[in-house]
Amino acid sequence: MRRTRKSFYNVITSVVTYAGMLVTAFAVQKALVETMGSDYNGINGLFSSIISMMSLADLGIGTAIIYHMYRPVAEKDREKINALLRFYKRCYIGISGVVLLIGIAVVFFLPLLVGNVEIPDSIYLIYVLFLADCLSSYFLAYKKSLLYADLMNYIPDAIYFLVYMVQNALQIYVLAAFQNYILFLIVKTMGKCVSNLLISLYIRKKYPFTAEKSVSPIEKEVREDIVTKVKGLLCHKLGRMLVTGSDSIVLTGVLGIRVMSLYTNYHLVISGIMALLNKIFETLTNSVGNFLLDSDQERRLDIYRKIDFINFWFFGCVAAGMYAVLQPLITLWMGEDFLFDKTVVFVLVVSFYLEGMRASVNTFKEAAGIFHEDRRIPIIESVTNLAVSIVLAKLLGTAGVFLGTIISTAVSYLYSYPKYVCKPLFGMTYGRYVAMTVKRLAVLLVILGITEYCTAAMEQWNLWARLLCAGTSAVIIFHVIFLMLYGRSREFCYYIGLLKNKG
């Protein structure tokens, strides 16, 4: 199967399965609240957050391993593949041990974290089940790296999706029939174990050489390079966690819990859309990793421009539509009392766009294994974000918090990306990259301004009519300006050509 076809399958499968999982997750959440009440929902959210922070223990080892697996997979070097898989397995055993120790330590702070919550089930038993669910995610998970390096992401995605659907159906049944939260968590843990087991069986059948007992140790230079990349990835993971988490801390600490409760609703919508779109570009990383093995700077630049173009097309269009529909959507869902003013929405949408436009650069960055070189950048960005957001929150209020996040992105856009990615991989000059980035941001700002002008008259309309008409108008406005500016570009003609060939 050709690389392009595999990439296409990966993108389609990833987007479709994630969208389906997102919808059913809302159904499970609704069932949980209706059958078990808000206290259980709060416990579920709290322990989910604690466990998700523990997942940082991975430290990006999987990403570094997959980077080193591209060439052995392309060359069908079974000995090196098995060596990497065994090394990855040992790493995961160590990781699960670290997670277990951290998990045990957290047990002593549970009363402090949970507070006064009266539920019939033991919070210690619930927490242990959450911890078991986290540890089960490492069960046979290391084998997935082989499928990712071989551009077969669609296999684990499809398996996860099918198991997840069955799991969610069972969870809803358990809640409705027994109103048993403990059994609900057990079903969730079993779902992860089953999906990883099925993936492992598939790999055993497709790659029978992975069952060989005699495996050579990993090469010293490869191990050292993995360690170097993991150190860099740790900085990136911690930095991104601080950037994404500091807004909530500043909102609560400076402006109060009421503002935070408003932001939670907007964040749920924005982060869900962001995750769905990012799935497209995440699946391209392994394809780009294969492509970088046998390409020169000119070919890399050509592919990058095409990916960056579609990145702008997607995120620019969604940002315009989001700006138009967020207010009526939140009003329909939660009511007018849960609305931010339009200035805050504008800043949130611009922040969403800038975060989304990282995808094309990061696709090449991760595929090329550029983790160590720019390891300090995420830390600098996170510190800048925290400091600027606190100052602007006191000066400008809620909008200032998210404006601080936008300003902190300049560290990546104006320094890190042109220096560590675009110059070495594509031969792109600093001025060329920055000019292209600033021009597209300016185009988006103009589109948002026109959208605001054209939809202002809809403020008093029926909410459903406003939602539909404002969203449609925003998408049309975006594409009119987009086609005027880029309709004759080489990248646009390339994608139109692809559509015609498919037809």
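*Asks:* Please explain the overall build of the chain as it appears in this structure.
*Replies:* In terms of regular secondary structure, the chain is built from 20 helices and zero strands. Scored against the burial criterion, the 503 residues of the chain give a buried share of 49%. When the accessible surface of the chain is totalled, it reaches about 24,100 Å², and 66% of it is carbon and sulfur.

*Asks:* Would you take a moment to explain helix 9 (residues 181-206) for this structure?
*Replies:* The periodicity of an α-helix, 3.6 residues per turn, causes residues three or four positions apart to be oriented the same way. Here helix 9 contains 26 residues, and its C-alpha end-to-end distance of 38 Å stays within 8% of the 38 Å for a straight helix at 1.5 Å per residue. Every buried residue belonging to helix 9 is among Tyr181, Ile182, Phe184, Leu185, Val187, Thr189, Gly191, Ser195, Asn196, Ile199, Ser200 and Ile203, and all of these are buried. At the N-terminal boundary of helix 9, the capping side chain belongs to Asn180, with an oxygen 3.0 Å from the backbone nitrogen of Ile182.

*Asks:* I tried to follow the packing of helix 8 (residues 154-178) against helix 9 on my own but got confused; where do I start?
*Replies:* Two quantities define a packed helix pair, namely the angle between the axes and the distance from one axis to the other. Viewed as axis vectors pointing N to C, helix 8 and helix 9 meet at an angle of 160°, and their least axial separation amounts to 9 Å. If you check the angle between helix 8 and helix 9, you find them roughly antiparallel. Where helix 8 crosses over helix 9, the handedness of that crossing is right-handed. Seen from helix 8, the contacting residues are Ile155, Pro156, Ile159, Tyr160, Val163, Gln167, Leu170, Gln171, Val174, Leu175 and Phe178; seen from helix 9, they are Leu183, Phe184, Val187, Lys188, Gly191, Lys192, Val194, Ser195, Asn196, Leu198, Ile199 and Tyr202. Looking at the contact of helix 8 with helix 9 residue by residue, the classes come out as 16 nonpolar, five polar and two charged.

*Asks:* How do you make sense of the confidence of the model for the chain when you look at a structure like this?
*Replies:* Any residue range with low pLDDT should be treated as having predicted coordinates unsuitable for detailed reading. Per-residue confidence for the chain averages 79 on the pLDDT scale, and 81% of its residues sit at or above 70. Looking at the elements of the chain, mean pLDDT is at its lowest for helix 10 (residues 220-255), recorded as 66, and at its highest for helix 19 (residues 463-486), recorded as 93.

*Asks:* When you look at the environment of Cys469 in this model, what are you seeing that I'm missing?
*Replies:* Counting through the fold element by element, Cys469 comes out in helix 19. Linking Cys469 and Ala324, residues 145 residues apart in sequence, is a C-alpha distance of 9.1 Å. Beyond its immediate sequence surroundings of up to four residues, Cys469 is in contact with Met458 and Trp461.

*Asks:* Where do I start with empty space enclosed by the protein in this structure?
*Replies:* Once rolled over the atoms, a probe with the size of a water molecule shows which space is left empty. A full pass over the atoms with the stated rule returns two cavities of 30 Å³ or more. Its boundaries defined by the atoms lining it, the largest cavity holds a volume of some 100 Å³. Along its surface, the largest cavity is lined by Tyr304, Asp308, Tyr353, Leu354, Met357, Val361, Tyr413, Tyr433, Met436, Thr437 and Arg440. The set of elements that each furnish at least two residues to the lining of the largest cavity consists of helix 12 (297-333), helix 13 (342-356) and helix 18 (430-455). Ranked by residues supplied to the lining of the largest cavity, first place goes to helix 18 with four residues. Its residues assigned to classes, the lining of the largest cavity shows eight nonpolar, one polar and two charged. Roughly 50 Å³ of volume is contained in the second largest cavity. Forming the boundary of the second largest cavity are Tyr323, Ala324, Gln327, Lys342, Thr455, Glu459, Arg466 and Ala470. Only helix 12 and helix 19 provide two or more residues apiece to the lining of the second largest cavity. With three residues, the single largest contributor to the lining of the second largest cavity is helix 12.

*Asks:* Help me understand the packing of aromatic side chains in this model?
*Replies:* The description of two aromatic rings rests on the distance between their centres and on the angle between their planes. Tallied over the full model, the rule gives 22 aromatic pairs. Geometrically, the ring pair formed by Tyr323 and Phe346 is edge-to-face, given 5.9 Å between the ring centres and 80° between the ring planes. Here the residue Tyr323 occupies a position in helix 12, and Phe346 occupies one in helix 13, the gap between them amounting to 23 residues. The exposure class assigned to Tyr323 is buried, which follows from its relative accessible area of 5%. Using a relative accessible area of 29% as the deciding quantity, one classes Phe346 as partly exposed. Through successive ring pairs, a cluster of aromatic residues spans Phe309, Phe312, Trp313, Tyr353, Phe478, Phe482, Tyr486, Phe492, Tyr494 and Tyr495. For Lys206, the ring lying beneath its charged end belongs to Tyr207, and the centroid distance is 5.7 Å.

Criteria and thresholds
Residues numbered from 1 in each chain as written. Predicted model: local features only at pLDDT ≥ 70, side-chain atom pairs only at ≥ 80, totals over all residues. Heavy atoms only, no water. Helix = DSSP H or I, 4+ residues; strand = E, 2+ residues; numbered from the N terminus. Buried < 20%, exposed > 50% of the residue type's maximum accessible area, 1.4 Å probe, protein only. Areas by Shrake-Rupley, 256 points an atom, 1.4 Å probe, with all protein chains shown as cover. Expected span 1.5 Å × (residues − 1). Polar contact = N/O pair within 3.5 Å; in protein donor to acceptor, adjacent residues only side chain to side chain. Axes fitted to C-alpha atoms, helices over the stretch in contact; angles between N-to-C directions. Parallel < 35°, antiparallel > 145°, perpendicular 65-115°, else oblique. Left-handed = near helix turned anticlockwise from the far one by under 90°. Contact = heavy atoms within 4.5 Å. Nonpolar A, V, L, I, M, F, W, Y, C, P; charged D, E, K, R; others polar. pLDDT = per-residue confidence, 0-100. 1 Å grid on protein atoms, 1.4 Å probe; cavity = no way out; pocket = protein on both sides within 12 Å on 5 of 7 lines; lining within 4 Å. Points joined across faces, edges and corners; volume = space filled by probe spheres on them. Phe/Tyr/Trp six-rings, centres within 6.5 Å; stacked < 30°, edge-to-face > 60°. Lys NZ or Arg CZ within 6 Å of the ring centre and 35° of its normal.

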